[in-house]
Amino acid sequence: MKQTQTIPETFLGVGYTRDQAGLPLEAVRVPVPQPAADEVLIRIAASSLNPLEYKLADLNFMGRTPPVVLGLDLAGIVVTVGHGVSGVAVGDAVAAMADLNGDGGWAATGGSGGGYAVARQFLTVRKPPSLSFRDAAALPMCFLSAFAGLYGAVQAGDTVYIPGGGGGVAHLAVQMAARALQARLVISSGSRPQSIALARQSGAHYVFDYQRDDIAAEIAELTSGRGVDLVFDATYSERSFVETSKTVRQGGRWSVLGVGPGKTTRLAETHSPVDAILAERNAKHVNINLLRYFSEPATLDSEARGFLQHGMDLAMEWATQGLVVPHVSQTIDSTVEEINAGLQSLKASSGVLGKIAVIVDRDLAAEK
Ligand SMILES: NC(=O)c1ccc[n+]([C@@H]2O[C@H](COP(=O)([O-])OP(=O)(O)OC[C@H]3O[C@@H](n4cnc5c(N)ncnc54)[C@H](OP(=O)(O)O)[C@@H]3O)[C@@H](O)[C@H]2O)c1
């Protein structure tokens, strides 16, 4: 193990201390983790909020033994590397994603630093100097979700429907489809003027109001009755799943992020008509779920590692080129109160646009 500066033995993290405790999260003192052979330890400058964090607190579905510190999106400075790590060194500025069944790096210090987390080497990438720590930390989980749904699936010239283009995952997915993967027609939706505007700004050619418009009819008209080649639905809404499945063309692809139709609560399964709708169209139902890699270790094989690493590389490259840029609508300090308020808004679906960034170490984050 290689390290330079003094690292404390413990830090005051933000997380849950009881099984299925739910919100609010609490401050909890935990040991600073030691990196395994293929991991790095990062001193955190910035992180971001994801719905996964309140869901983990609510349900603890990765089967962890609390306390569990959250804050899985990471940007900061590498302070220790495991002995098997090459390509990233102590002192490097990086972006990373912690294992989704591991601990994160939120510190209850109000932005004055002291947060640490480990990440695997294949989920850690050097941060380009032109990208801020804040923006780098807004990318990993949402970018990888969009990447897993679209990369290799969208070809230049395709028609694509991505509902909810003002959301954390979907605003990146719209940019990826329209700008990086060069889809010919990208359609999106939203219910609020701000989210409709963000979907447009992200490159969607048409954005409909899912509360008011008959989107299936609009898409039929835009595609001469065919439907779109691919749907990527990251809304986690059964209502959306039913609507978006009606917009795929014969033989097209319907990708859903997460556990999918009939299972959105994770607590009880309901009957969903989605598979019958897709069967009428002979369309493929694809489940995209980053959590699977970590809950079923056999799925984290070398191919999966290579794929995710390529995703992390492209996240930095495309952000630097201005192709896929996170929209940070709110930046908060890493306090228990502010993190709880942000997660509560995500949970209530009340007005979050794009990403909420968390500044864990103000001084470090200001360095870029
Ligand atoms: N398992 C995985 O691998 C994985 C990874 C990442 C995320 N996820 C899950 O994916 C979901 C999305 O994450 P996120 O970070 O993008 O959340 P988010 O920022 O809260 O975005 C949710 C978006 O969905 C839109 N929406 C809600 N209902 C809709 C409907 N019926 N039709 C169209 N759009 C609708 C909202 O639009 P308006 O505000 O305009 O109404 C909002 O923009 C979360 O549930 C998250 O837990 C899963």
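These numbers come from a predicted model, not from an experiment.

Overview of the sheet that holds strand β10 (residues 159-162)
Line of reasoning, step 1. One open sheet holds the six strands; their spatial order is β12-β11-β10-β13-β14-β15, and the pairing between them is parallel. Each end of this open sheet is capped by a strand with a single partner; those strands are β12 (206-209) and β15 (284-288). Between one strand axis and the next, the sheet turns through 20 degrees on average, direction left out of account.
Line of reasoning, step 2. For β10 and strand β13 (residues 228-233), the ladder comprises two bridges, and the chain directions are parallel. Following the sheet pairing, V160 is matched in β13 by L230.
Line of reasoning, step 3. Against the sheet, helix α3 (residues 140-150) engages β10, β13, β14 (248-257) and β15, with an angle of about 150 degrees to β13.
Line of reasoning, step 4. Lying over the sheet, helix α6 (residues 215-222) contacts β10, β11 (185-190), β12 and β13, oriented at roughly 160 degrees with respect to β12.

So, the site of the ligand
Line of reasoning, step 1. Residues in contact with the ligand amount to 27 residues; listed here are only the nearest, K55, S191, S195, Y210 and L290.
Line of reasoning, step 2. S195 places a side-chain nitrogen or oxygen 2.5 Å from an oxygen atom of the ligand.
Line of reasoning, step 3. Computed on the free molecule, the ligand has an accessible area of 940 Å², of which 87% lies beneath the protein chains in the complex.
Line of reasoning, step 4. Counting residues per element, the ones that place at least two in the shell around the ligand are α1 (51-59), α4 (168-180), β11 and α9 (290-295).
Line of reasoning, step 5. Per element, the largest residue contribution to the shell around the ligand is three residues, and it comes from α1.
Line of reasoning, step 6. Counted by class, the shell around the ligand contains 11 nonpolar, 14 polar and two charged residues.
Line of reasoning, step 7. Both domain 1 (2-138 + 326-366) and domain 2 (143-292) contribute no fewer than three residues apiece to the shell around the ligand.

Definitions and cut-offs
Residues numbered from 1 in each chain as written. Predicted model: local features only at pLDDT ≥ 70, side-chain atom pairs only at ≥ 80, totals over all residues. Heavy atoms only, no water. Pairing = 2+ DSSP bridges. Helix = DSSP H or I, 4+ residues; strand = E, 2+ residues; numbered from the N terminus. Axes fitted to C-alpha atoms, helices over the stretch in contact; angles between N-to-C directions. Contact = heavy atoms within 4.5 Å. Near = heavy atom within 4 Å. Polar contact = N/O pair within 3.5 Å; in protein donor to acceptor, adjacent residues only side chain to side chain. Areas by Shrake-Rupley, 256 points an atom, 1.4 Å probe, with all protein chains shown as cover. Nonpolar A, V, L, I, M, F, W, Y, C, P; charged D, E, K, R; others polar. Domains from an automatic or database assignment.

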